[in-house]
Amino acid sequence: MSHSVIRAVNLTKKYDDFVAVDGISFEVARGESFGLLGPNGAGKSTTMKMIASVSTRTSGELTVLDLDPNVDGPAIRSQLGVVPQEDNLDGELRVRENLLTYGRFFGLSRAEAGKRADELLEFAQLSDRANSKVEPLSGGMKRRLTIARSLMNDPQMLLLDEPTTGLDPQARHILWDRLFRLKEQGTTLVLTTHYMDEAEQLSDRIVVVDKGQIMAEGSPAELIRTYSTREVLEVRYGSDKNVSVAALIADVGERQEVLPDRILIYSDNGEQDLAEITRRGHHPTTSLVRRSSLEDVFLRLTGRSLVE
Amino acid sequence: MSAVTAPKRRFGGMYGGNARAIIERGFKATMTNNYLIILSGFFEPVFYLFSMGVGLGGIIGTIDLNGTEISYGAYIAPALLAVSAMNGAIYDSTWNVFFKLNFAKLYQTMLLTSLGPLDVAIGEITLALLRGGIYAVGFLTVMSIMGLALSPLAIFAIPVVILIAAGFASVGMAFTSYMKTFQQMDWLPLVMLPMFLFSATFYPISIYPEPIQVLVQCFPLWHGVELVRMFTTGVFTAAAWGHLAYFVVMLGTGVIVVARRLRSLFLR
């Protein structure tokens, strides 16, 4: 058995004329936490579906756990946990039954499935809701139940498609904590996200995808180091003035991005640049110095922001 | 290592060999929610039997079946038995499947596990035919109590009726797999109602002109009615083999179409 659990070479997926994934190549090592970062429509979900062997590739090579997803779907999926973008929980069943039934789909015995369901209800902090219906659960609870469900078969690898989209900050942090524990236990995590903080929290390594292609690859810190500066100064002058002021301060910092609502100045010392701008008499309405994030990396690579 | 053993490769990843888990889920869902609703479908043919068989039958008297005189009630009862099997199978394989397919997204969930599209097809069709089978057994009991099961061979109508239910269930699910909207689902009664009324259910099709007879014979219910009637009356003809073959082909075609459709819907 090779050390990589996923190996994609020139992986391509076309729907009629539309190219969703355009010849991407990457490998994921066992135990690694791997993130696909990109805006909506970048081809992240399609890539995930091909890995989960619920979508057949148009061309290129793909092996998952040393098997070919096009013909070994059931065998591959028996070792995967999949958390889809939308919680498709079974509304006709109760919370615990959702887990039991899912375990039975994998061929677990009733006793095993029952034991596992109770452990995972505990893990997902849902033990007290075991016999409740699914519908009244909050968004965060449903998400946790979906993740618990994906762990019923004790998977070697967990695929998470936008795991915290649509959740409030508190629910996201609970979820990240649970995922982090799994990572510590050695489960391979593959996640897609368009949230840079999520990618930073959970991924050892990230590929940035846009329009079905890989734009860059590395750890979050490496990507920031390579594609951005240490700090970013954000200044706002009001939407009608940003462009004209930007031209006057173009020489400040290493690089500048003008967004509709603000100007981003990339530099190693944001405070110093802010002082320089102010010295020239361009007092911004608001200003902020922050560290570079993956959002800046993405902006640099594609000229567009992640969340549009 | 995972707790789950990987299933062998069967039919190129189409089958995980665990359709029974889907049947189990169906039972559990029914028990949790709507086991009383299931009874509703059983009564429809029973009401027809009382109204037409007992009420109208009193005026009509007897009817000639291939040279044997039988009561009108005994003539329509087997037809209604076939109808009850059809109803059960069709309710489950059309509206229930439509909901699971387009709203509950249940099949997508199933296909995230080691199940394949063929497991889903077999499991769901089996559930539908079981419902048809339950209706049929109940109806046959009512028939027997009313003295309308004329032959001891009537008991063998049960496996036959299950085959009929399987045929309807598989084709019903195949039909539903193409349906996207409620409006499209409205085509269903437009096929089901005339089939129910005109398939030698209440009178022999010999009263129709030749071309209409041929048309009726194209539809599955006529074959089901004729076949079941042979078993409950004990008046057999060689046509039985043709009727049986019709349902075997219907079932096989339905299963293949459903598995393919599920593959193209969810594994594209």
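What you see is a predicted model; the values in this text were computed from it and never measured.

This next bit is on the domain arrangement of chain A. The domain architecture assigned to chain A consists of domain 1 (4-221) and domain 2 (229-291). One C-alpha centre belongs to domain 1 of chain A, the other to domain 2 of chain A; they are set 39 Å apart.

Before going further, it helps to spend a moment on the sheet that holds strand 9 (residues 213-218) of chain A. Residue and element names in this part refer to chain A. Spatial strand order, 5-6-7-3-8-9: 6 strands in an open sheet with mixed pairing. Every other strand in the sheet has two partners, leaving strand 5 (80-83) and strand 9 as the edge strands with one partner each. Across this sheet, the average inter-strand angle for adjacent strands is 15 degrees, counted without regard to direction. Two elements, strand 8 (residues 205-210) and strand 9, share 5 bridges in a ladder whose sense is antiparallel.

On to the interface of chain A and chain B. When the parts of a complex come together, some accessible area is lost, and that lost area is often taken as the interface size. Facing 38 residues of chain A, the contacting portion of chain B comprises 37 residues. Buried surface at the junction of chain A and chain B, summed over both partners, amounts to about 3,300 Å²; 53% is from carbon and sulfur atoms. Counting every contact that joins chain A to chain B gives 4 salt bridges. The shortest N-O distance in the salt bridge between Glu 24 of chain B and Arg 104 of chain A comes to 2.7 Å. On the surface where chain A and chain B come into contact, there are 10 residue pairs in polar contact (both at pLDDT 80 or more). At the level of elements, strand 1 (4-15), helix 2 (73-77), helix 3 (95-105) and helix 4 (110-123) of chain A are the ones that each hand at least two residues to the side of chain A that touches chain B. Per-element accounting of the side of chain A that touches chain B gives the leading share, 6 residues, to helix 3 of chain A.

This part takes up helix 3 of chain A. Residue and element names in this part refer to chain A. Where burial is concerned, most of helix 3 is hidden: 10 out of the 11 residues are buried. Along helix 3, the positions that sit buried rather than exposed are Val 95, Glu 97, Asn 98, Leu 99, Leu 100, Thr 101, Tyr 102, Gly 103, Arg 104 and Phe 105. Positive backbone phi, approximately 85 degrees, marks Gly 107, located one or two places after helix 3.

Residues and elements named next belong to chain A. Tracing the backbone shows Arg 7 in strand 1. Taking the relative accessible area as the measure of exposure, Arg 7 reaches 33% and is therefore partly exposed. Taking the C-alpha atoms as reference, Arg 7 lies 12 Å from Thr 47; in sequence the two are 40 residues apart. Reaching out from Arg 7, the side chain makes a polar contact with the side chain of Glu 61 at a distance of 3.2 Å.

In this structure, Ile 6 and Leu 159 of chain A together with Leu 81, Tyr 107, Phe 168 and Leu 262 of chain B are the most contacted members of the largest nonpolar core, which totals 140 residues. Element by element, the count of residues in this core is highest for helix 3 (residues 72-102) of chain B, at 16 residues. Ignoring sequence-local partners within four residues, the contact set of Leu 159 of chain A consists of Met 48, Ile 51, Ala 52, Leu 80, Gly 81, Val 82, Val 83 and Val 190 of chain A.

The next point concerns helix 6 (residues 169-184) of chain A. Residue and element names in this part refer to chain A. Its 16 residues place the ends of helix 6 22 Å apart at the C-alpha level, agreeing with the 22 Å of an ideal helix rising 1.5 Å per residue. Of the positions making up helix 6, those classed as buried are Ala 171, Arg 172, Leu 175, Trp 176, Arg 178, Leu 179, Leu 182 and Lys 183. The arc that holds every buried residue of helix 6, seen down its axis, measures 165 degrees, which confines them to one face. Helix 6 presents Pro 169, Gln 170 and Glu 184 as exposed residues on the side facing more than 90 degrees away from its buried surface. Looking at the packing, one finds that the buried side of helix 6 touches strand 3 (33-37), helix 4, helix 5 (139-150), strand 6 (157-161), strand 7 (188-193) and helix 7 (196-202). At the C-terminal side of helix 6, Gly 186 shows a positive phi close to 100 degrees.

We now examine the pattern of salt bridges. Residue and element names in this part refer to chain A. What the rule picks out here adds up to 32 salt bridges over all chains. Across the pair Arg 290 and Glu 234 runs a salt bridge, and its minimum N-O distance is 2.7 Å. Here the residue Arg 290 occupies a position in strand 13 (residues 286-291), and Glu 234 occupies one in strand 10 (residues 231-236), the gap between them amounting to 56 residues. Among the salt bridges present, the one from Arg 280 reaches Glu 276, with a minimum N-O distance of 2.9 Å. Accessibility expressed as a relative area gives 29% for Arg 280, which makes it partly exposed. When its relative accessible area of 24% is taken as the criterion, Glu 276 is described as partly exposed. What emerges from the salt-bridge pattern is a single network uniting Glu 234, Arg 236, Asp 261, Arg 262, Arg 290 and Asp 296.

Cut-offs applied
- Residues numbered from 1 in each chain as written.
- Chains lettered and ligands numbered in written order.
- Predicted model: local features only at pLDDT ≥ 70, side-chain atom pairs only at ≥ 80, totals over all residues.
- Heavy atoms only, no water.
- Domains from an automatic or database assignment.
- Pairing = 2+ DSSP bridges.
- Helix = DSSP H or I, 4+ residues; strand = E, 2+ residues; numbered from the N terminus.
- Axes fitted to C-alpha atoms, helices over the stretch in contact; angles between N-to-C directions.
- Contact = heavy atoms within 4.5 Å.
- Buried area = accessible area lost by both parts, 1.4 Å probe.
- Salt bridge = Lys/Arg side-chain N within 4 Å of Asp/Glu carboxyl O.
- Polar contact = N/O pair within 3.5 Å; in protein donor to acceptor, adjacent residues only side chain to side chain.
- Buried < 20%, exposed > 50% of the residue type's maximum accessible area, 1.4 Å probe, protein only.
- Core = buried A, V, L, I, M, F, W, Y, C linked by side-chain atoms within 4.5 Å.
- Expected span 1.5 Å × (residues − 1).
- Arc of directions from axis to C-beta.

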